[in-house]
Amino acid sequence: MSTLRDILREFRTRPGRYALGLFSIAVGMLTLCLLLSMLLGLERKAERIAEDLGLNVIGVTVTPNNNNTRGLARRDVELLRASLSQTNCLVSGVRFDQAKSMDGKKALRVLATDPSLAAIRGWRMRDGRFLDSRDLDTLASVCVVAQSQTSQHPKEPGSRYALTGAQLTVAGLLENGGESTELQDQRLMYGDEFLVVPHSAEAYWHQDGPRRDPQSVDILFVRDASEHPVTQTRLENLLSGAGRGMELGPRSYITLGSLLENVNAMERTVKLTTGTIAVFCLLLGGVTLMSLMLANVSERTSEIGLRRALGASRWQLYLLFFLEGVVTTFVASLIGICIAAWMSQAVQDTVSVPMAFSWSLVWLCLGLATLLGAIFSLPPAMIAAQTQPALAMRNE
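Residues numbered from 1 in each chain as written. Predicted model: local features only at pLDDT ≥ 70, side-chain atom pairs only at ≥ 80, totals over all residues. Heavy atoms only, no water.

J.: Explain unusual backbone geometry to me, please; I cannot follow it from the model alone.
T.: Negative phi is the rule for most residues except glycine; trans is the rule for most peptide bonds. For L139, which is not glycine, the phi torsion reads 55° and is therefore positive. Topologically, L139 is positioned in the loop between α5 (133-137) and β6 (142-146). (Helix = DSSP H or I, 4+ residues; strand = E, 2+ residues; numbered from the N terminus.)

J.: Before we go on, may I ask you to explain the packing of aromatic side chains in this structure?
T.: How two aromatic rings sit relative to each other is given by the distance of their centres and the angle of their planes. Here the structure, examined in full by the defined rule, presents four aromatic pairs. Between Y318 and F322, the aromatic rings sit 5.7 Å apart at their centres with planes inclined by 10°, giving stacked as the arrangement. Separated by four residues within a single helix, Y318 and F322 lie in helix α10 (residues 314-347), roughly one turn from each other. Members of the aromatic cluster, each reached through a chain of ring pairs, are W315, Y318 and F322. Positioned above the aromatic ring of F96, the side-chain terminus of R109 is 4.1 Å from the ring centre. When the ring centre of Y161 is taken as reference, the NZ or CZ atom of K155 above it lies at 4.8 Å. (Phe/Tyr/Trp six-rings, centres within 6.5 Å; stacked < 30°, edge-to-face > 60°. Lys NZ or Arg CZ within 6 Å of the ring centre and 35° of its normal.)

J.: Can you help me understand the side chain of R70 in this one?
T.: With respect to the helices and strands, the residue R70 is situated in strand β2 (residues 69-70). Exposure remark for R70: the relative accessible area of 10% places this residue in the buried category. (Buried < 20%, exposed > 50% of the residue type's maximum accessible area, 1.4 Å probe, protein only.)

J.: Help me out: how do you make sense of the environment of I375 in this one?
T.: Residue position: I375 is located in helix α11 (residues 359-386). Relative accessible area serves as the criterion here: at 46%, I375 is assigned to the partly exposed category. In sequence terms I375 and V326 are 49 residues apart; their C-alpha atoms lie 9.0 Å from each other.

J.: Quick question: what am I supposed to make of a nonpolar patch on the surface here?
T.: There is a patch of nonpolar side chains on the surface, built from L364, L368, L371 and I375 and spanning about 350 Å² of accessible area. Assignment of secondary structure puts L368 in helix α11. (Patch = residues over 30% accessible without salt bridge, like charges linked within 9 Å, V, L, I, M, F, W, Y side chains within 5 Å. Areas by Shrake-Rupley, 256 points an atom, 1.4 Å probe, with all protein chains shown as cover. Salt bridge = Lys/Arg side-chain N within 4 Å of Asp/Glu carboxyl O.)

J.: What's the story with the pairing of strand β8 (residues 166-174) in this structure? I'm lost.
T.: Along any regular strand, the residues point their side chains to alternate faces of the sheet. For β8, a buried count of seven out of nine residues is recorded, marking the element as mostly surrounded by other parts of the structure. One ladder, built from three bridges, connects strand β5 (residues 125-128) with β8; its direction is antiparallel. The partner of M125 across the bridge, within β8, is L174. The pairing of β6 with β8 spans four bridges and is classified as parallel. Considered in β8, the bridge of V144 is made with G172. (Pairing = 2+ DSSP bridges.)

J.: What is the right way to read the pattern of salt bridges from this model?
T.: Note on pairing: side chains with opposite charge can pair once their charged atoms come close. Scanning all chains against the criterion turns up ten salt bridges. The salt bridge involving R129 is made with D135; its shortest N-O contact spans 2.8 Å. With a relative accessible area of 32%, R129 lands in the partly exposed category. Look at D135 and you get buried, because its relative accessible area is 4%. A network of salt bridges, in which partner residues are shared, links R74, E78, R81 and D114.

Put into structure tokens, the structure is as follows:
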């Protein structure tokens with residue numbers, strides 16, 4: 001307790017000097033916290049992307065480039081499903097369509113697909129059921145609705161969904177309600193509210209242009225839950241032989257790696273720029289702290305001699321100056337962390353880099369601050385402990 005009282009007395013005696021040390025370390029800790037907050041935000045964004053796409057999921061699209069090539073069709077889905085029947089693969093094809101609500105005020109995206117899509121994408125039901133094989137066989141006019149729970153016109157299983165040109169029976173509601181905005185790919189972004197219908201259903205709701213071929217497919221999804229998932233190379237080989245006369249056009253693959261390219265690039269940029277600045281600021285703060293404490297030891301030489309003459313041990317003197325540095329760093333770190341937490345909340349909606357804060361980040365920063373204070377407080381504390389009493393009194 002006496003050591004802490006001595007430290008507080010020194011803070012009151014030399015507020016300007018300690019304020020400079022507090023400021024330099026707080027700036028470094030602020031930069032470090034913002035860096036870690038950005039990295040944590042990017043990590044969580046990557047986790048959400050992986051969850052939204054689905055585990056071990058590959059998406060395939062085909063763009064015909066001339067009259068000798070064609071796009072994906074339902075037969076390609078069935079052929080691929082048969083080729084992978086001996087594995088744990090799930091295969092699904094999706095045809096995108098557009099529809100309007102009965103009043104014409106709301107434009108909706110319609111996904112014409114099969115029952116496997118929910119398992120592939122990891123979609124969970126909030127109520128009711130997803131599509132099943134009976135819906136395909138009977139050409140049922142049913143739909144699964146994805147909408148937010150705050151929708152002004154919530155649907156329930158068994159109710160009717162009125163579209164311009166069609167009336168669909170709601171079979172179920174998706175739990176997530178709308179597609180995540182983390183998937184910055186138009187082939188995976190379906191809007192806040194969309195419908196999932198059997199691919200065999202007649203598209204009476206179609207509004208724009210000629211009615212789509214019911215056998216056409218815009219994107220094909222493959223999910224392999226086995227220990228050694230199917231690779232993009234194997235899919236390419238299987239699809240290359242799926243032409244049956246007219247060959248498929250150029251293929252484009254959507255994988256977790258391709259979706260994370262921007263996140264990984266942003267993470268590397270943050271580490272390189274903000275990381276360099278954070279390390280520089282922390283080192284500058286540590287050196288500033290050590291310089292101020294060395295000056296403090298020089299000015300307090302007579303006090304050190306008097307303490308030694310009154311029976312203080314070298315260990316007590318060492319502990320006094322060591323704790324001064326650690327406490328200064330700890331307090332400065334708390335200030336920097338509080339400012340960083342406020343900034344991460346204030347600017348997360350205005351910057352392109354996602355930011356997140358957690359208690360583990362706080363404890364990590366405090367631990368690093370304590371280590372920093374301990375390292376840069378060692379030289380001044382050792383010099384103070386080695387000071388000879390007679391020499392200190394003579395200098396006075």
